[in-house]
Each structure stands twice: as C-alpha cells, then as structure tokens.
Amino acid sequence: MNPPVINVVKNLGDQVIARAKKERRRFRRVRVSLAGRLYIPATQEEAVCTVEDISAGDATLLCELKNEPQGRAVIYLDGLGRFEGP
C-alpha cells in the first residue's frame, strides 16, 4: 500500500472506533420500521406503534399514549409475535 491509502484506511478505522466509543450499549441496535400494538397492563391502555430500532436487549417504540406508561409493557409485532418487558 502506498502512504495515501494507509491514511485513508487509518481514518476509516478511527471513525469506526469513535462510533463504537459513542455507542456504549451492550447489544447493537438495528434500524427497522415494524408495525405493532402496545399494551400497558397497569393502565389497560393500548396504542398502535412503530418500532424504530431494535436490539437483543430492547427496542425504541413510537406510539401515542394518553398516559405516561407505568410498569410493564406488552408489544405485539406483526409477524414476530408477543414481547413483554419494563
């Protein structure tokens, strides 16, 4: 490799390391757009939602709820099934 190529590779490596340091989560998140329904047993509230990103540990949901969610949540994702968590 000639020196300019080495610099490009080093810069790309530095960018990957910087992103890894910034992202301190245990599991890598994957951006998705999955339709589903959210149910909050404590308030018996249901809402249509969209999963924006997901990992082995949790997910980011976009929903419109009337109340602040409390306690556990149950989500039903089209094609994937039922999931429950805090």
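Please read all numbers here as calculations on a predicted model, not as lab measurements.

Enquirer: Now, about the sheet that holds strand β5 (residues 81-85): what can you tell me, with residues and values included?
Expert: Note on sheets: strands pair through backbone hydrogen bonds, and any given pair is parallel or antiparallel. Taken together, five strands build an open sheet; the order of strands is β3-β2-β1-β4-β5 and the sheet is antiparallel. Each edge of the open sheet carries a strand with a single partner, namely β3 (59-63) and β5. Each adjacent strand pair in this sheet contributes to an overall mean axis angle of 35 degrees, direction not counted. In the sheet, strand β2 (residues 45-54) pairs with β3 via five bridges, with the strands oriented antiparallel. By the bridge assignment for β3, Val51 is matched with Leu61.

Enquirer: So, the nonpolar core: which residues are in play, and what are the values?
Expert: With seven residues, the main nonpolar core is built from Leu38, Ile40, Cys49, Val51, Ala73, Ile75 and Leu77. Listed by contribution, the elements that provide at least two residues to this core are β1 (30-40), β2 and β4 (73-77). Among the elements that line this core, the one with the most residues is β4, at three residues. With residues near it in sequence (within four places) discarded, Leu77 still touches Leu34, Ala35, Gly36, Val51 and Phe83.

Enquirer: Report on unusual backbone geometry, specifying residues and quantitative values.
Expert: Positioned with a positive phi, Gln44 is a non-glycine residue whose angle comes to about 55 degrees. Within the element layout of this structure, Gln44 appears in the loop between β1 and β2. Given the relative accessible area of 63%, Gln44 is considered exposed.

Cut-offs applied
Residues numbered from 1 in each chain as written. Predicted model: local features only at pLDDT ≥ 70, side-chain atom pairs only at ≥ 80, totals over all residues. Heavy atoms only, no water. Pairing = 2+ DSSP bridges. Helix = DSSP H or I, 4+ residues; strand = E, 2+ residues; numbered from the N terminus. Axes fitted to C-alpha atoms, helices over the stretch in contact; angles between N-to-C directions. Core = buried A, V, L, I, M, F, W, Y, C linked by side-chain atoms within 4.5 Å. Buried < 20%, exposed > 50% of the residue type's maximum accessible area, 1.4 Å probe, protein only. Contact = heavy atoms within 4.5 Å.

Keep in mind these numbers describe shape, not what the thing actually does.
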